[in-house]
Amino acid sequence: MTINKTVVYILTLLGTLGIVVMRTVQSLIMVERGSGFFIEGYSTVAAAMLIFMFAIIVIAAIYAFLYPKVPRKAPEKNGAIGIVSFLLAFAVIYEVLFTEISVNTPFWQVVLHLTLGAATTVIFFLHGISAFAKFRIPPMLNIIPVLFWIIKLIIIFSNYSSLAAITENVFELASLCAILVFVLQFAKHQNDIAPQKTGRTLLPISVITFMLCGAYAIPQLILYFSGNKDLAHTSNVTFITSFAIMLFVGVYVYLSFKNDNLTEKTKIENEE
């Protein structure tokens, strides 16, 4: 069976659209306003929908993993990657400044969140500038976003330990885990650390990250802009960053997997 890149993209977009529709329906109809848990009469249907959503993501990721080509190198930056880098930078600093962190969060975690968040903002802002000014960012700086998402996960896991069953939190945690893996992959790709080997998993990881971020962020945006903000049961603004990451992933993968930057996986395996 020949795996087509265009089919991977279409499957990812249609899958994300379907999941967004199901998540929005869940939020509007099947979730209690006060608690965030499923209404008793809808619990079975809602749970089945949840399983189906994750099945769609797994299928899309497997299909992407079977794609027979990988990027030779990190993509050349252009205006598109510059714009989404700027958007991501602004989303990160907005989140850092306006996220409500529990008063029980240790002080060192709060300091690291602020410090690494500010540094991550600078990194993506520099990526945006480099798309137009054509200068190279010092390679080691790309590890900072990885550290930022690690501390975010630590804080989120601590805050949600007793509410992990809320569907909204499940998707937030899942998207944050996917983002962490993606930014690690991004750092390796940008630093030319075995770019072709890294490219083997870049597409499936990107598909998972794109779909999970869309599944979490877009329904939240719909709730906010449709006047149903009270149906959102998370008090932070991480969905804004997740939406910006979704856009960044989409542009980065599209540029990485342009035809003139691809080589067959079998060629790499033979060279090893």
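Throughout what follows, the structure given in this document is the object of discussion. (Residues numbered from 1 in each chain as written. Predicted model: local features only at pLDDT ≥ 70, side-chain atom pairs only at ≥ 80, totals over all residues. Heavy atoms only, no water.)

### Looking at the overall build of the protein chain
Consideration 1: Each helix and strand in the protein chain was counted, giving nine helices and two strands.
Consideration 2: Mapped in sequence order, the helices and strands of the protein chain form the string α-α-β-α-α-α-α-α-α-β-α.
Consideration 3: A buried classification covers 50% of the 272 residues belonging to the protein chain.
Consideration 4: Surface summary for the protein chain: the accessible area is close to 12,600 Å², and the carbon and sulfur share equals 70%. (Helix = DSSP H or I, 4+ residues; strand = E, 2+ residues; numbered from the N terminus. Buried < 20%, exposed > 50% of the residue type's maximum accessible area, 1.4 Å probe, protein only. Areas by Shrake-Rupley, 256 points an atom, 1.4 Å probe, with all protein chains shown as cover.)

### Some remarks on the pattern of salt bridges
Consideration 1: Under the defined criterion, the tally for this structure stands at two salt bridges.
Consideration 2: Put simply, Glu 76 and Lys 73 hold a salt bridge, and the shortest N to O gap is 3.7 Å.
Consideration 3: A relative accessible area of 59% places Glu 76 in the exposed class.
Consideration 4: Residue classification places Lys 73 among the partly exposed residues on the basis of a relative accessible area of 41%. (Salt bridge = Lys/Arg side-chain N within 4 Å of Asp/Glu carboxyl O.)

### What to know about the side chain of Asn 142
Consideration 1: Among the structural elements, Asn 142 can be located in the loop between α4 (107–133) and α5 (144–159).
Consideration 2: A relative accessible area of 3% means that Asn 142 is categorised as buried.
Consideration 3: Only 2.8 Å separates the side chain of Asn 142 from the side chain of His 127, close enough to count as a polar contact.
Consideration 4: Setting aside its immediate chain neighbours within four residues, Asn 142 contacts Ile 123, His 127, Phe 186, Ala 187, Gln 190 and Asn 191. (Polar contact = N/O pair within 3.5 Å; in protein donor to acceptor, adjacent residues only side chain to side chain. Contact = heavy atoms within 4.5 Å.)

### Quick notes on a nonpolar patch on the surface
Consideration 1: Among the surface-exposed residues, Ile 10, Leu 14, Leu 17, Val 21, Val 25, Leu 28, Ile 29 and Tyr 42 lie close enough to one another that they form a single nonpolar patch of about 700 Å² accessible area.
Consideration 2: If you trace the backbone, Ile 10 turns up in helix α1 (residues 5–30). (Patch = residues over 30% accessible without salt bridge, like charges linked within 9 Å, V, L, I, M, F, W, Y side chains within 5 Å.)

### Examining the packing of aromatic side chains
Ring pairs (aromatic) are described by centroid distance and by the angle formed between their planes.
Consideration 1: Tallied over the full model, the rule gives 15 aromatic pairs.
Consideration 2: Ring centres of Phe 182 and Phe 186 lie 6.3 Å apart, and the angle between their planes is 20°; on these two criteria the pair is classed as stacked. Taken together, the positions of Phe 182 and Phe 186, both in helix α6 (residues 167–190) and four residues apart, correspond to about one turn of that helix.
Consideration 3: For Phe 182, a relative accessible area of 1% gives the class buried.
Consideration 4: We classify Phe 186 as buried; its relative accessible area is 4%.
Consideration 5: Summarising the aromatic geometry, the rings of Tyr 224 and Phe 239 are spaced 5.0 Å apart at their centres and angled 40° between planes, so their arrangement reads as tilted. In this pair, Tyr 224 sits in helix α7 (residues 195–225) while Phe 239 sits in helix α8 (residues 238–256), placing the two residues 15 residues apart along the sequence.
Consideration 6: Its relative accessible area of 27% is what places Tyr 224 among the partly exposed residues.
Consideration 7: Ring pairs connect the aromatic residues Phe 124, Phe 182, Phe 186, Phe 248 and Tyr 252, which therefore count as one cluster. (Phe/Tyr/Trp six-rings, centres within 6.5 Å; stacked < 30°, edge-to-face > 60°.)

### Remarks on the environment of Ile 179
Consideration 1: Along the chain, Ile 179 falls in helix α6.
Consideration 2: Note: C-alpha distance between Ile 179 and Val 146 (33 residues apart in sequence) is 8.9 Å.
Consideration 3: Contact partners of Ile 179, with chain neighbours within four places excluded, come to Trp 149, Thr 209, Cys 213, Ser 242 and Ile 245.

### Here we look at the environment of Leu 255
Consideration 1: Summarising the element assignment, Leu 255 is placed in helix α8.
Consideration 2: In this structure the C-alpha to C-alpha distance between Leu 255 and Pro 71, which are 184 residues apart in sequence, comes to 9.4 Å.
Consideration 3: Discounting chain neighbours no more than four positions away, the residues touching Leu 255 are Pro 75, Glu 76, Asn 78 and Ile 81.

### Topic: the side chain of Thr 99
Consideration 1: Inspection of the secondary structure assignment puts Thr 99 in the loop between α3 (79–98) and α4.
Consideration 2: Taking relative accessible area as the criterion, Thr 99 reaches 17% and is therefore assigned buried.
Consideration 3: Only 2.6 Å separates the side chain of Thr 99 from the backbone oxygen of Glu 95, close enough to count as a polar contact.

### Details of the nonpolar core
Consideration 1: Residues Ile 19, Trp 149, Phe 182, Leu 203, Phe 248 and Tyr 252 are the most contacted members of the largest nonpolar core, which totals 68 residues.
Consideration 2: Breaking this core down by element, the ones donating at least two residues are α1, α2 (43–65), α3, α4, α5, α6, α7 and α8.
Consideration 3: Top element by residues in this core is α7. It accounts for 12 residues.
Consideration 4: Here Phe 182 is in contact with Leu 202, Ile 205, Ser 206, Thr 209, Phe 248, Val 249 and Tyr 252, once residues within four sequence places are set aside. (Core = buried A, V, L, I, M, F, W, Y, C linked by side-chain atoms within 4.5 Å.)

### Details of the packing of α6 against α8
Each pair of packed helices can be described by the angle between their axes along with the distance between the axes.
Consideration 1: Where α6 contacts α8, the axes come no closer than 11 Å and their chain directions differ by 40°. The angle between α6 and α8 falls in the class oblique. Like other packed secondary-structure pairs, α6 and α8 cross with a definite hand, here left-handed. Taking contact as the criterion, the partners of Glu 172, Ser 175, Ile 179, Phe 182, Phe 186, His 189 and Gln 190 in α6 are, on α8, Thr 238, Ser 242, Ile 245, Phe 248, Val 249, Tyr 252 and Ser 256.
Consideration 2: By residue class, the composition of the contact of α6 with α8 is seven nonpolar, six polar and one charged. (Axes fitted to C-alpha atoms, helices over the stretch in contact; angles between N-to-C directions. Parallel < 35°, antiparallel > 145°, perpendicular 65-115°, else oblique. Left-handed = near helix turned anticlockwise from the far one by under 90°. Nonpolar A, V, L, I, M, F, W, Y, C, P; charged D, E, K, R; others polar.)

Geometric descriptors of this kind do not, in isolation, establish any biological role.
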